[in-house]
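One letter stands for each residue in the lines below.
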Amino acid sequence: MIKFFRHIRKNLLMENKTSKYFKYAIGEIILVVIGILIALQINNWNEKRLNENKIVSILKEVQNDLKEDILKSKELFSYYETRDSIIQLALNNKLTRENYLGDKKWMYFNVATNAFHLKIHSNGYKNFSDNLDNVPKKYQEIIAPLNEIYTYNKYEIDKFDTRIDKITDRLMDHLGATKPWYYAMRQEEISDEAVHYFLNDSLYKNALYLYSNAAGNLTRNVTDFDQNAIKAYHKIAKLTEHPKELPDFIPQHLIEPTPQQVQELLGNYTLVKVTIETGEIIELNAPFVMKVEEQTLKLISLDRNRTHDLYFKNNTSLYGVNKEASILKDENNRIIGLKLVVLNAELELIKNKD
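Remember, predicted model here, so these are calculated numbers, not experimental data.

As for unusual backbone geometry
And then number 1: That bond from His242 to Pro243 is cis: its omega, -10 degrees, falls within 30 degrees of zero.
And then number 2: Of note in the backbone geometry, Glu241 takes a positive phi value of approximately 60 degrees without being a glycine.
And then number 3: Mapped onto the elements, Glu241 comes out in the loop between helix H8 (202-240) and helix H9 (259-265).
And then number 4: Positive phi values are uncommon outside glycine, yet Gln295 reaches one of about 65 degrees.
And then number 5: Position of Gln295 among the secondary structure elements: in the loop between strand E2 (281-293) and strand E3 (296-301).
And then number 6: For Gln295, a relative accessible area of 62% gives the class exposed.

Some remarks on the domain arrangement of the protein chain
And then number 1: On domain assignment, one finds that the protein chain holds domain 1 (49-240) and domain 2 (259-351).
And then number 2: Each of domain 1 and domain 2 has a C-alpha centre, and the two are 26 Å apart.
And then number 3: Domain 1 puts 16 residues into the contact, and the matching count from domain 2 is 14 residues.
And then number 4: Summing both sides of the interface, domain 1 and domain 2 together bury roughly 1,100 Å²; the carbon and sulfur share of this comes to 45%.
And then number 5: A per-residue breakdown of the area domain 1 buries against domain 2 is headed by Phe77, Glu81 and Gln227, which together make up 36% of the total.
And then number 6: Linking domain 1 with domain 2 are two salt bridges.
And then number 7: For Lys231, the salt bridge is made with Asp309, and the minimal N-O distance between the two is 3.7 Å.
And then number 8: Only helix H2 (18-91) and H8 provide two or more residues apiece to the side of domain 1 that touches domain 2.
And then number 9: Of all the elements, H8 adds the most residues to the side of domain 1 that touches domain 2, at 10 residues.
And then number 10: The class makeup of the residues in the side of domain 1 that touches domain 2 is two nonpolar, seven polar and seven charged.

Examining the layout of surface pockets
And then number 1: Size it by volume and the largest pocket reaches roughly 1,100 Å³.
And then number 2: Contributions of two or more residues to the lining of the largest pocket are made by H2, H8, strand E1 (267-275), E2, strand E4 (306-314) and strand E8 (345-351).
And then number 3: Among the elements that line the lining of the largest pocket, the one with the most residues is H8, at eight residues.
And then number 4: When its residues are assigned to classes, the lining of the largest pocket shows 16 nonpolar, 11 polar and eight charged.
And then number 5: Composition of the lining of the largest pocket by domain shows at least three residues from each of domain 1 (49-240) and domain 2 (259-351).
And then number 6: Surrounding the second largest pocket, 21 residues form its lining, His234, Glu294, Gln295, Thr296 and Tyr311 being those nearest its centre.
And then number 7: Per-element tally for the lining of the second largest pocket: the top contributor is H8, with eight residues.
And then number 8: Looking at the lining of the second largest pocket residue by residue, the class counts come to seven nonpolar, five polar and nine charged.

What to know about the environment of His196
And then number 1: By secondary structure assignment, the location of His196 is in helix H7 (residues 192-200).
And then number 2: The exposed category is assigned to His196, whose relative accessible area is 52%.
And then number 3: For the pair His196 and Phe116, spaced 80 residues apart in sequence, the C-alpha separation works out to 27 Å.

Focus: the pairing of E1
And then number 1: In terms of strand pairing, E1 meets E2 through eight bridges, oriented antiparallel. Considered in E2, the bridge of Asn268 is made with Val289.
And then number 2: The pairing of E1 with E8 spans six bridges and is classified as antiparallel. Along E8, the bridge assignment pairs Leu271 with Leu349.

Reading guide: rules and limits
- Residues numbered from 1 in each chain as written.
- Predicted model: local features only at pLDDT ≥ 70, side-chain atom pairs only at ≥ 80, totals over all residues.
- Heavy atoms only, no water.
- Helix = DSSP H or I, 4+ residues; strand = E, 2+ residues; numbered from the N terminus.
- Buried < 20%, exposed > 50% of the residue type's maximum accessible area, 1.4 Å probe, protein only.
- Domains from an automatic or database assignment.
- Contact = heavy atoms within 4.5 Å.
- Buried area = accessible area lost by both parts, 1.4 Å probe.
- Salt bridge = Lys/Arg side-chain N within 4 Å of Asp/Glu carboxyl O.
- Nonpolar A, V, L, I, M, F, W, Y, C, P; charged D, E, K, R; others polar.
- 1 Å grid on protein atoms, 1.4 Å probe; cavity = no way out; pocket = protein on both sides within 12 Å on 5 of 7 lines; lining within 4 Å.
- Points joined across faces, edges and corners; volume = space filled by probe spheres on them.
- Pairing = 2+ DSSP bridges.

Okay, structure coming up:
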């Protein structure tokens, strides 16, 4: 091609066609410039494509981290739910000598000397943060949700996780320093003095209360983390089209509700009663509202600024992270309220008449 252009220029000069030569030279320069611009544009496109592929790969890594932590959190809830039920029995003097001498005695003895740790996976988020300047505009909407998860949510989880460790360490150190019978328990030598201590000692029950309080704060913050993690997983899946179908561990509509089913649930509610695990009933008059955003039902506590994300499980019940709700109807099949079970508490809400 270069020889071809050179041959044309040579002929024009030999024929003394100077004006045509200059016009031709200008045209050739323009063609070269256009070629360079096209090459630069193609290079930019390739760089943008490679950069976008890199960001998508990092977001898939974030998705996998979220998956691991969401699944792990389910074990955490089960772990602390079991321990909290035992602690509530102990604090209400419902445990007996037989509990501490039976087949499950170690569950009672060690109820506040062990912990379940949830260490949030954040390598994907770190990689994402290191590449923030290169995040294409179409993916920038995920930045704020991920910052919420890996700064505020992670901070609160780590804080109460550390607190539980301090409580368990302090309790074991106290038992080791003041109770001569403590080491003998490992050899199955359970003395009457040991049983009496676990049943009656007020300082021990103080430790149980502190453990229960810290575990309650931890599980509440893990619930917030789960809800935010699920939203982020949804958003990344939408932006990257990965995966094509949401996995089972992500709460979603198990049936596709009709617009009428959704509309009937929307509106104002009043929380009238809470029943906790011990059976105690707390009468309330707290305002709630049910809204829908991005195909998610949101039951919002107006005075506590807490939101429960809910999805249709079937035609008569909803579910979400660590919660299930039964839809209550009257004889005319009109929705009159909800019975919402959140962890160990049952909430009864009535739907306000418009």
